[in-house]
Amino acid sequence: MPVAHSFSDGTLSFSSSKIGPNLRNTITFQALPRISGSFRYSGIGDKEKMYYQSGYTTWDRSFDLRLGLLRETNNLPEITLGMQDIIGTGLYSGEYVVASK
């Protein structure tokens with residue numbers, strides 16, 4: 001679930017998860033104080049039911065971008081605009097606005 005808060009400048013993180021027949025590998029970076037991005041490489045599909053050389057029925061590459069619109073104050077939450085899978089197949093595409101206090 002997205003949150004509005006951002007990492008410190010220059011932060012780089014890697015995550016990998018497997019849920020059911022899907023595998024997701026993600027590299028996330030905080031490029032500027034209000035801009036961050038993620039590159040995701042996902043294996044999708046049930047490798048047990050069908051034989052494929054890679055083990056998954058589909059491989060998907062995607063890029064996500066987040067832009068901080070408003071910093072948190074005493075009275076207002078931090079607000080961020082996000083776009084998922086803006087470069088890729090569109091399997092995980094989506095847009096969101098999130099506010100966190």
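Preceding this paragraph is the structure being described.
Residues numbered from 1 in each chain as written. Predicted model: local features only at pLDDT ≥ 70, side-chain atom pairs only at ≥ 80, totals over all residues. Heavy atoms only, no water.

## Regarding the environment of Thr80
1) Next: Structurally, Thr80 can be placed in strand E5 (residues 78–88).
2) Next: Overall, the relative accessible area of 2% leaves Thr80 in the buried class.
3) Next: C-alpha separation for the pair Thr80 and Gly68, spaced twelve residues apart in sequence, amounts to 4.3 Å.
4) Next: Among the polar contacts made by the side chain of Thr80, one reaches the main-chain carbonyl oxygen of Ala4 at a distance of 2.8 Å. (Helix = DSSP H or I, 4+ residues; strand = E, 2+ residues; numbered from the N terminus. Buried < 20%, exposed > 50% of the residue type's maximum accessible area, 1.4 Å probe, protein only. Polar contact = N/O pair within 3.5 Å; in protein donor to acceptor, adjacent residues only side chain to side chain.)

## Some remarks on the side chain of Glu78
1) Next: For Glu78, the position within the fold is in strand E5.
2) Next: In this structure, Glu78 is buried with no salt-bridge partner, the nearest side chain bearing the opposite charge being Arg71 at 4.6 Å.
3) Next: Engagement of the side chain of Glu78 in a polar contact is seen with the side chain of His5, the distance being 3.1 Å.
4) Next: If we skip the residues at most four places from it in the chain, Glu78 touches Ala4, His5, Ser6, Leu70, Arg71, Glu72, Val98, Ala99 and Ser100. (Lys, Arg positive; Asp, Glu negative; His and termini not counted. Salt bridge = Lys/Arg side-chain N within 4 Å of Asp/Glu carboxyl O. Contact = heavy atoms within 4.5 Å.)

## A short note on the pattern of salt bridges
1) Next: Applying the stated criterion across every chain, the model contains two salt bridges.
2) Next: Asp64 is paired through a salt bridge with Arg40; the nearest N and O atoms lie 2.6 Å apart. Placement of the pair is Asp64 in strand E4 (residues 58–70) and Arg40 in strand E3 (residues 35–44), with a sequence separation of 24 residues. For the pair Asp64 and Arg40, one class covers both residues: buried.
3) Next: We note a salt bridge from Glu72 to Lys101, for which the minimum N-O separation is 3.8 Å. Of this pair, Glu72 sits in the loop between E4 and E5 while Lys101 sits in the segment after strand E6 (94–100); the two residues are 29 residues apart in sequence, bridging distant segments of the chain.
4) Next: Exposure remark for Glu72: the relative accessible area of 35% places this residue in the partly exposed category.
5) Next: We classify Lys101 as exposed; its relative accessible area is 58%.

Scope: geometric values only; no functional claims are made or implied.
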